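The chain contents come next:
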Amino acid sequence: MPKKLQKCDLAKCAEDPCKKPTTPSTDIKVPIIWVLGGPGSGKGTQCEKIVEKYGFTHLSSGDLLRNEVKSGSPRGKELTEIMEKGELVPMDVVLDLIREAILKALPDSKGFLIDGYPREKEQGIAFEKKIAPVSVVLFFDASENTLVERLLGRAKTSGRVDDNEETIKKRLNTFNTHNDQVVEQYTEKLKKIDAERDTEAIFAEVQTYLDPLVQA
């Protein structure tokens, strides 16, 4: 029988993180970038451009979960059961997948883009304790009206059932509620980027934040 996945005690993870510094077990010398942004913010396009210029490894927690399920591993089978029940995947499982992916790519990677993670403050605190400190947090910010308009435009060709105005606004509300906590937690490393401009203007600003990291 596969070992049962244990849920992380989020309250414990978040308890006085600044007063109880810990040393991550992973020795990572390359930059780690968290990429945040609501659905429709264009962060996926910016990640592609970052990978092309800097050679960073792009990791998406959602992709890692889907790949683990497809692998048919004991852990993947348990994840399937969790998702089929509509339950949330335990935070420590997601962190394990991210850490394993980082370690696998580390020998040849120039840096890591962690896309769409953390989704809330406790996840960020746990990441830095278990994996490594984040170098920079890129937050691609756009108004709700802009994001709704973009997603409704995508809905015309995507065929996604969740691309309707009511569902989109619910998703945005959920994102904003939790993302605000992350933004407040990481004010010193946060780079808030106006994502309502054209792609090249946005990337020009992104480079001003990433160039110093790769030149250090």
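From a predicted model like this one, the values you see are computed outputs, not experimental measurements. (Residues numbered from 1 in each chain as written. Predicted model: local features only at pLDDT ≥ 70, side-chain atom pairs only at ≥ 80, totals over all residues. Heavy atoms only, no water.)

Enquirer: Describe in detail the sheet that holds strand S5 (residues 190–194), supporting the description with residues and values.
Expert: Taken together, the 5 strands give an open sheet; going across it, the order is S2-S3-S1-S4-S5, and neighbouring strands pair in parallel fashion. Strands with a single pairing partner mark the edges of an open sheet, and in this sheet they are strand S2 (57–60) and S5. Between one strand and the next, the sheet's axes are offset by a mean angle of 25°, whatever the strand orientation. Bridge count for strand S4 (residues 136–141) against S5 is 5 bridges, and the pairing is parallel. Within S5, the residue paired with Asp141 across the bridge is Asp194. (Pairing = 2+ DSSP bridges. Helix = DSSP H or I, 4+ residues; strand = E, 2+ residues; numbered from the N terminus. Axes fitted to C-alpha atoms, helices over the stretch in contact; angles between N-to-C directions.)

Enquirer: If you had to explain the pattern of salt bridges to someone new, which residues and values would you point to?
Expert: Per the counting criterion, the structure on display carries 10 salt bridges. With a closest N to O distance of 2.5 Å, Arg197 and Glu205 form a salt bridge. Classification of Arg197 by relative accessible area gives partly exposed; the value is 32%. One salt-bridge network, in which partners are shared between bridges, spans Glu68, Arg75 and Glu100. (Salt bridge = Lys/Arg side-chain N within 4 Å of Asp/Glu carboxyl O. Buried < 20%, exposed > 50% of the residue type's maximum accessible area, 1.4 Å probe, protein only.)

Enquirer: Can you lay out the pairing of strand S1 (residues 32–37) for me, pointing to particular residues and giving the numbers?
Expert: In terms of burial, S1 is a largely internal element, 6 of the 6 residues being buried. By the alternation rule, side chains of S1 split into Ile32, Trp34 and Leu36 and Ile33, Val35 and Gly37, which are all buried. For S1 and strand S3 (residues 112–115), the ladder comprises 4 bridges, and the chain directions are parallel. In the strand pairing of S3, Val35 is matched with Asp115.

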